[in-house]
Every structure is written in structure tokens, then in C-alpha cells.
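Listed here are the chains, written in short residue letters.
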Amino acid sequence: MMNIAVLVSGGGTNLQALIDAQNSGEIKNGKITCVIASNPDAYALERAKKNGIATRVIARKEYADVHTYTRAVTDALVEVNADLVVYAGFMTILDEQIVEAFPHKMMNVHPALIPSFCGKGFYGLHVHEAVLESGVKLTGATVHFVTEECDGGPIILQKAAAVENGDTPEILQKRVMEQCEWKILPQAVSLFCEGRIKVIDNKTEII
Ligand code: GAR
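Source: prediction; values computed, not measured.

**Overview of the overall build of the protein**
- Along its length, the protein carries 6 helices and 9 strands.
- Its C-alpha radius of gyration of 16 Å places the protein within 12% of the 17 Å reference for a compact globule of 207 residues.
- Taken over the C-alpha atoms alone, the protein extends approximately 50 × 40 × 35 Å along its principal axes.
- The proportion of buried residues among the 207 residues of the protein is 49%.

Quick look at the structure:
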């Protein structure tokens, strides 16, 4: 059974999708054992507690720089013996120390179809604002492995959603979450726990 640790910063609806998938048996061979928040007020912490999952707060504002913050998060993940680390709405940038400690063992859900609308500055509602500004008719979500490059690691799963007339960033965010993120994140976690994701030449193959 793989030990899954989830990193969160906010509302935690993606964490909830993982908890629901675990409870329904969709995630085989894996168990969420720890939720770590960068923000003490993250509602995601309540979701974890309601489901009997251990929580920790490692508050970004208590650390002077990215390096010492990354060290603290990495140490905590090593301490809980995480086999898989999931960034589920984790809004804090970490440096290469964590990638070295968990190579191809960390995945992130991004609310757009990478390589569009990703990288520095593209997070949360900003992504959907940029999508609407551009006029594209399709957007979606991506789950990818975390590497040193922001939103640049091997893509595991993607799913598209339509951009519709009259969309606001909030409406589009909700559609992308419901139709894409809450589906592909549990699927990717499940595939990982079953040992079905292979990385070859910076690309993945689902076996
Ligand atoms: C989600 O849309 C997630 O994809 C996005 O923030 C939201 C968090 O919602 N993450 C990023 O933008 C990371 N680059 P949640 O806290 O309800 O899961």
C-alpha cells in the first residue's frame, strides 16, 4: 500500500476528490496518510480532519526563503515516508531539493492544457482569466510529474472542457474542476499506485 501525502494551500476541492475516490475504492493500493498545508487557514485542513487524515501546517510565512521552506516540507515528507506526493492546489513554489528527494514521485494538477497557460504567474483564477482573454474555445486540466521546471514535467493525463459564451473566470474554473480536475487527479493517483506510469524521455506511458 502506497503512502500518499497531499500538499494544499486553499479550499481543497481536489483533495476532496481524492478522499472521495479513496472512499469509493477507486484508488487501489494507495492511502492518503498526511495532508500538509502552506497556509494555516486552508479549508483543505478541515476536509482532512473530517476524514481522519493527519494534518500538518508548514506555514510559508514563517520561513525566510524558498530554500529553508523547501527543506522543511521535504523533511516532513521523508518523515511520513511518502511514496507519492500530490500537489492539490498547492500555491507555493519549492526548489530542486524536493525534486531530488522525490524524483517522479510528485504530481501536480494544473487547471489548463499544458503547455498552454502555464508556468510562473499562471495559478488559480489567473489561468482562467488568461484563457478567456485569449479567446481559445477549449481549455481543460493537466496532471503532470513535478520537476525543476514550473509546470514542465512529464504529462500524465489531460482532459478538455469547452469555453462557453458568457463565461467568467469563476464559471470556467468551476467547469474545469468538475469536468476535468476532479476526474483526472484521482485517476492519475490510482495509476501511480498500481505502478502503471512509466517515464521514458520526459514523456509518460500508461501501461
Ligand atoms: C485548482 O484549480 C488547481 O488546479 C489550481 O488551484 C485550484 C485549487 O483548488 N492549482 C494551480 O493553479 C497550481 N498551479 P482546490 O484547493 O479547491 O483544490
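Next comes the rest of the description.
**Focus: the pairing of strand 2 (residues 30-37)**
- With 6 of its 8 residues buried, strand 2 lies for the most part within the structure.
- Judged from the 7 bridges that link them, strand 1 (residues 2-8) and strand 2 form a sheet pairing that is parallel. If you follow Leu7 over to strand 2, its bridge partner there is Ile36.
- A crossover connection joins strand 1 to the parallel strand 2 through helix 1 (residues 13-24); in handedness this β-α-β unit is right-handed.
- Both strand 2 and strand 3 (residues 54-57) contribute to a ladder of 4 bridges, which runs parallel. The partner of Cys34 across the bridge, within strand 3, is Ala54.
- Chirality of the crossover, the property in question, places the unit of strand 2, helix 2 (residues 44-50) and strand 3 among those that are right-handed.

**Side note on the sheet that holds strand 4 (residues 84-87)**
- In space, the 7 strands of this open sheet follow the order 3-2-1-4-5-6-7, with mixed pairing throughout. For this open sheet the edge positions go to strand 3 and strand 7 (155-162), each flanked by a neighbour on one side alone. Here the average twist between neighbouring strands, direction ignored, is 20°.
- Both strand 6 (residues 138-145) and strand 7 contribute to a ladder of 7 bridges, which runs antiparallel. Bridging from a neighbouring strand, Thr142 pairs with Gln158 of strand 7.
- Lying on the sheet, helix 1 is in contact with strand 1, strand 2, strand 4 and strand 5 (106-110); it crosses strand 2 at an angle near 160°.

**Overview of helix 6 (residues 169-193)**
- Over its 25 residues, helix 6 extends 33 Å from the first C-alpha to the last, a length consistent with the 36 Å expected when each residue adds 1.5 Å.
- Following helix 6 by one or two positions, Gly195 adopts a phi angle in the positive range, close to 70°.

**A closer look at the state of the cysteines**
- Applying the stated criterion across every chain yields a total of 0 disulfides.
- Here Cys34 is not disulfide-linked; the sulfur of Cys193 is the nearest cysteine sulfur, at 15 Å.
- You can call Cys193 buried: its relative accessible area is 1%.

Conventions and cut-offs
Residues numbered from 1 in each chain as written. Predicted model: local features only at pLDDT ≥ 70, side-chain atom pairs only at ≥ 80, totals over all residues. Heavy atoms only, no water. Helix = DSSP H or I, 4+ residues; strand = E, 2+ residues; numbered from the N terminus. Rg over C-alpha atoms; globule rule 2.2 N^0.38 Å. Buried < 20%, exposed > 50% of the residue type's maximum accessible area, 1.4 Å probe, protein only. Pairing = 2+ DSSP bridges. Right-handed = clockwise from strand over helix to strand, strands pointing away. Axes fitted to C-alpha atoms, helices over the stretch in contact; angles between N-to-C directions. Contact = heavy atoms within 4.5 Å. Expected span 1.5 Å × (residues − 1). Disulfide = S-S within 2.5 Å.

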